[in-house]
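Chain by chain, the residues run as shown.
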Amino acid sequence: MKVNAAFQRVAILDKEGYVSRAVTYSKIDGDEVLELAAQNSGINQAQLSAAMYAIRQSFINFLMNGHSVELPGVGIFRVGVNAKMVDEAAKVSVDQIYRRKIHFLPSIALKDKLIRISFSTDPLETTTEEIPTEPEPENPDVV
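Remember, it's a predicted structure, so these values are computed and weren't measured experimentally.

Trainee: Before we move on, could you go through the pattern of salt bridges and cite the residues and values that matter?
Mentor: According to the stated counting rule, one finds 2 salt bridges in the structure shown. Close ionic contact of Asp87 with Lys91 constitutes a salt bridge, the shortest N to O distance being 3.3 Å. We classify Asp87 as exposed; its relative accessible area is 64%. One salt bridge connects Lys91 with Glu88, and the closest N-O pair in it is separated by 4.0 Å. A residue is classified by how much of its surface remains accessible, and Glu88, at 42% relative accessible area, is partly exposed.

Here is the structure:
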């Protein structure tokens, strides 16, 4: 896996410099994943696609109904929120929620694989990224 130098300006600290960033080569879409999984498993691609649809629907349904969901060998997903603090427990309500998000806890097996990744550097490749000082506007309907 490659890393490149990414320029960052951290406005809060009034500092700038370079850090290593993992290079993402591309996004593999669901059809490509299904095609490769069908080839590697010997399962018909249409059957595998139907199974993946059912798994995806179950996964989303469990998450949206307050369950954490484990994908074996990958990790655990759960829904979380950020909320404004209030001074009394009796004042806590859904009105304080300002961000919805999905938490991911990688499995031990995935973490072990991550440790084994070797990295290489291409010093000529750089990207520029500025870290914002204020949070981006929130869309509470997006999970």
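Trainee: Break down the packing of helix α1 (residues 30-41) against helix α2 (residues 45-64) for me, citing the residues and quoting the values.
Mentor: When two helices pack together, their arrangement is captured by the angle between the axes and the distance separating the axes. Where α1 meets α2, the axes come as close as 9 Å, and the angle between the chain directions of the two elements is 125°. For the element pair α1 / α2, the angle class is oblique. In the packing of α1 onto α2, the handedness of the crossing is right-handed. Residues Asp31, Leu34, Glu35, Ala37 and Ala38 of α1 form the contact with α2, whose own contacting residues are Gln45, Leu48, Ser49 and Met52.

Trainee: Outline the environment of Arg100, listing residues and values.
Mentor: By the element assignment, Arg100 lies in strand β5 (residues 97-106). According to the relative accessible area criterion, Arg100 is partly exposed, its value standing at 42%. Here the alpha-carbon distance between Arg100 and Val81, two residues 19 residues apart in the chain, equals 4.5 Å.

Trainee: Can you explain the packing of aromatic side chains? Please cite residues and give values.
Mentor: Considering all chains together, one arrives at 2 aromatic pairs under this definition. Taken together, Phe59, Phe77 and Phe104 form an aromatic cluster joined through their ring pairs.

Parameters and conventions
- Residues numbered from 1 in each chain as written.
- Predicted model: local features only at pLDDT ≥ 70, side-chain atom pairs only at ≥ 80, totals over all residues.
- Heavy atoms only, no water.
- Salt bridge = Lys/Arg side-chain N within 4 Å of Asp/Glu carboxyl O.
- Buried < 20%, exposed > 50% of the residue type's maximum accessible area, 1.4 Å probe, protein only.
- Axes fitted to C-alpha atoms, helices over the stretch in contact; angles between N-to-C directions.
- Helix = DSSP H or I, 4+ residues; strand = E, 2+ residues; numbered from the N terminus.
- Parallel < 35°, antiparallel > 145°, perpendicular 65-115°, else oblique.
- Left-handed = near helix turned anticlockwise from the far one by under 90°.
- Contact = heavy atoms within 4.5 Å.
- Phe/Tyr/Trp six-rings, centres within 6.5 Å; stacked < 30°, edge-to-face > 60°.

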